[in-house]
Amino acid sequence: MKKIKLTQYITSLIVVLLLTACSSDGSSSEDSATKPTADFSFTNDGSTFTFTNLSTNGTKYRWDFGDLYYTSAEKDPIYTYKIGGEIRVSLTVTNDKGEEAFITKIITAPRIIIIDIKIDGKFTDWDDVAVTDENTSGNGSIQKIKIWAGGPNVNVYLEGNKKMLMELVDMYINTDGNTQTGFLHSNWPQGSGAEFLFEGPVVTGGWGDFYKHTDPNGGWGWGQQVGSGVNLKSSGIVSLSSTTNAIEFSIPKSQLGTLGSSIGIAITEMNAGWGLVANFPEGPKFSTLQL
């Protein structure tokens, strides 16, 4: 009799344990189904990153972009970095129960280039500026031009051989981006259209002046802007080596009026007696920087 009761007790205990186990398994499965998971992908266009949220079971999101500047509660944020290099981006996902999931990924943002041109005859601040145009034949005086138009000025760097002295120039400037308006120069038949001319030596405080084009038919017609040459700031010619000279100068954008989609420059260099030294660029178009 006692043996039967013991057997019934053990059987009942096993049933209870099985029921408890089943109940526990169901609860665990249910909890797992509602717990949040964190994940994301990203693409970038330069320093601007688009983050795509791949998380599940989340109702709230917190992004830390890793640069000590901003966080975001958006689901799929877009963010532009002011720094470059490897950056740790974190996403925290929270569900309705307050449960959290967390993930960190490393992104690589492009190096931020800060260009601050100073007209001082020290040319290291041009290192990150791309060459706008080059002399392909190796002849002439000017061999290379860089143009930088960030900020209030149009800045120009010229590098050439020892014949480049910039004693006197006719510098043609296309300011509206249209190569068919302004002065149409035969030396650059495929793209000129100069709205302005600077004539004189490329020195600070020289006698040169700016002229504004006046002939609606594209011919040689200019109105002198008296005293405007003082707006050109120049380093003067600097000897870089036994074979190379360089010069930098700036022109205030206010001198050139409203700029269009690009700025184009071409230079006829002459000696002090107005004799031709060379034209630059050699190609059929002005050296042009897209703005």
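Residues numbered from 1 in each chain as written. Predicted model: local features only at pLDDT ≥ 70, side-chain atom pairs only at ≥ 80, totals over all residues. Heavy atoms only, no water.

Attention shifts here to the overall build of the chain. Secondary structure assignment for the chain yields one helix and 20 strands. Taken across its 291 residues, the chain has 40% of its residues classed as buried. Residue pairs at least 24 apart in sequence account for 55% of intrachain contacts in the chain once pairs closer than 6 positions are excluded. Accessible surface, the chain: about 15900 Å² in total, of which carbon and sulfur atoms supply 53%. (Helix = DSSP H or I, 4+ residues; strand = E, 2+ residues; numbered from the N terminus. Buried < 20%, exposed > 50% of the residue type's maximum accessible area, 1.4 Å probe, protein only. Contact = heavy atoms within 4.5 Å. Areas by Shrake-Rupley, 256 points an atom, 1.4 Å probe, with all protein chains shown as cover.)

Attention shifts here to the sheet that holds strand β3 (residues 60-64). Overall, antiparallel pairing links the four strands, which are arranged β4-β3-β6-β7 in an open sheet. Pairing within the sheet leaves two strands with one partner each, and these edge strands are β4 (71-72) and β7 (100-109). Where β3 meets β4, two bridges bridge the pair, whose relative direction is antiparallel. Counterpart to Asp64 in the pairing with β4 is Thr71. (Pairing = 2+ DSSP bridges.)

Attention now goes to a nonpolar patch on the surface. On the surface, a nonpolar cluster with roughly 330 Å² of combined accessible area is contributed by Tyr69, Tyr70 and Ile83. What makes Tyr69 exposed here is its relative accessible area of 52%. (Patch = residues over 30% accessible without salt bridge, like charges linked within 9 Å, V, L, I, M, F, W, Y side chains within 5 Å. Salt bridge = Lys/Arg side-chain N within 4 Å of Asp/Glu carboxyl O.)

Let us look at the confidence of the model for the chain. In this model, the chain carries a mean pLDDT of 90, and residues with pLDDT of at least 70 account for 89%. This stretch, residues 15-19, has a pLDDT under 50; its non-local contacts, to residues over four places away or in other chains, come to zero contacts. (pLDDT = per-residue confidence, 0-100.)

Along the chain, the position of Thr43 falls in strand β1 (residues 40-45). Separated by 35 residues in sequence, Thr43 and Ile78 place their C-alpha atoms 9.7 Å apart.

What follows concerns the environment of Ser254. Relative to the helices and strands, Ser254 resides in the loop between β17 (245-252) and β18 (262-270). For the pair Ser254 and Pro152, spaced 102 residues apart in sequence, the C-alpha separation works out to 7.8 Å.

Below, the discussion takes up the pattern of salt bridges. As enumerated under the stated definition, the model contains five salt bridges in all. Asp39 is the salt-bridge partner of Lys105, the closest N and O atoms lying 3.0 Å from each other. On the criterion of sequence distance, the pair formed by Lys105 in strand β7 and Asp39 in the loop between α1 (2-34) and β1 is long-range, its members being 66 residues apart. For Lys105, a relative accessible area of 26% puts it in the partly exposed group. The exposure class of Asp39 is partly exposed, given its relative accessible area of 28%. Here Lys144 and Glu159 are joined by a salt bridge, their closest N and O atoms 3.7 Å apart. Of this pair, Lys144 sits in strand β9 (residues 142-148) while Glu159 is found in strand β10 (residues 153-160), placing the two residues 15 residues apart along the sequence.

Regular strands place their side chains on alternate faces of the sheet. Extensive coverage of β10 is indicated by the burial of seven of its eight residues. Judged from the six bridges that link them, β9 and β10 form a sheet pairing that is antiparallel. For Ile142, the partnering residue across the bridge sits in β10 and is Gly160. Hairpin geometry of β9 and β10 is characterised by an intervening segment of four residues between the two adjacent antiparallel strands and by a positive phi of about 90° at Gly151. Alignment of β10 against β17, held across eight bridges, turns out to be antiparallel. Paired with Tyr157 across the strands is Glu248, a residue of β17.

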